[in-house]
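A look at the structure
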Amino acid sequence: MTKETIEAIAPASTASANTSHEESCSPSEALDLWAIMLRVTNMIHARVSEELVGRLDITLEEVELLMRLSREPGERLRMIEVSRSLLLSKSGVTRLVDRLEQRGLVERAACAEDRRVVYAKLTASGRKVFGEADPLLLAAVAEHLARHLDAHEIATMREGLLATLAAEGGAANE
């Protein structure tokens, strides 16, 4: 994707959520960008998943949960936070955590202060598997995304997408 293409789709004035946009794109340009983002996301997701399953017998969703847990204080998240951050239903989160729990990669932990709260917590085995999956994930994303864009293009897209998340009420780390 060239700089001109990015500027045509997402004007440079998208630097932050607090910046007023002097020149907004048209609704049809926004729809076109959204469709392209979905296609690219789905394509990369499929290719990265294929590599992870082929090499480590672990899905991208499973790696994403292990990654999110590894970055949290105490290496745990409330199940409802897992649902929100991975955009999964309660039953989808339950099935995901069940699979990882059966493999010994996560465990459920009760909250001492509120018995209604259940955490998904990373185990030592989960940490080890994530340590094996992380370099594969990085290499796969580099292969299927980063090699097609330069640093400026990635920074511009990242800023625009983070501005969108902030404006639409999504946390940057979700």
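The structure under discussion appears in the preceding block.
Chains are numbered independently. Their residues run from 1 in the order of the written sequence. pLDDT decides what is reported in this predicted model: residues at 70 or higher carry local features, side-chain atom pairs at 80 or more are listed and counted, and totals for whole chains, interfaces and linings draw on all residues regardless. With hydrogens and water stripped out, all remaining heavy atoms of the structure feed into the side-chain values.

1. A word on the overall build of the protein chain
Here a helix means four or more residues in a row that DSSP labels H or I, a strand means two or more in a row labelled E, and each is numbered from the N terminus. Scanning the protein chain from N- to C-terminus turns up 7 helices and 3 strands. Secondary structure of the protein chain in N-to-C order comes out as α-α-α-β-α-α-β-β-α-α. Each residue is assigned to one of three classes by its accessible area relative to the maximum for its type, calculated with a 1.4 Å probe on protein chains only: buried under 20%, partly exposed between the two thresholds, exposed over 50%. Going through the 174 residues of the protein chain one by one, you find that 29% of them count as buried. Look at the contacts in the protein chain between residues 6 or more apart in sequence, and 56% of them connect residues 24 or more apart. Using a 1.4 Å probe, accessible areas were evaluated by the Shrake-Rupley method; residue-level cover was limited to the displayed protein chains. Carbon and sulfur atoms make up 55% of the accessible area of the protein chain, which amounts to about 11100 Å² in all. Only heavy atoms enter the contact rule, under which two residues are in contact if any of them lie within 4.5 Å.

2. What about the sheet that holds strand S1 (residues 76-78)?
By this definition, two strands are paired if DSSP reports at least two bridges between them. Within the open sheet, the 3 strands sit side by side as S1-S3-S2. Their pairing is antiparallel. Every interior strand has two partners, whereas the edge strands, S1 and strand S2 (106-110), have only one. Within the sheet, the average angular offset between the axes of one strand and its neighbour, ignoring direction, is 30 degrees. One ladder, built from 5 bridges, connects S2 with strand S3 (residues 118-122); its direction is antiparallel. In the strand pairing of S3, Glu107 is matched with Lys121. Only the stretch in contact is used when fitting a helix axis, every axis being a line fitted to C-alpha atoms; angles between N-to-C directions are given from 0 to 180 degrees. Lying on the sheet, helix H4 (residues 79-86) is in contact with S1, S2 and S3; it crosses S1 at an angle near 90 degrees. Together, S2 and S3 form the strand contacts of helix H5 (residues 90-102), whose direction differs from that of S2 by roughly 115 degrees.

3. Some thoughts on the packing of aromatic side chains
We call Phe, Tyr and Trp rings a pair once their centres come within 6.5 Å, taking the six-membered ring for Trp, and we label the pair stacked below 30 degrees between planes, edge-to-face above 60, and tilted otherwise. Under the definition given, this model contains 0 aromatic pairs. A ring is scored as having a charge over it whenever the NZ atom of a lysine or the CZ atom of an arginine sits within 6 Å of its centre and within 35 degrees of its normal. Here Arg76 stacks its cationic end above the ring of Tyr119, 3.8 Å away from the centre of that ring.

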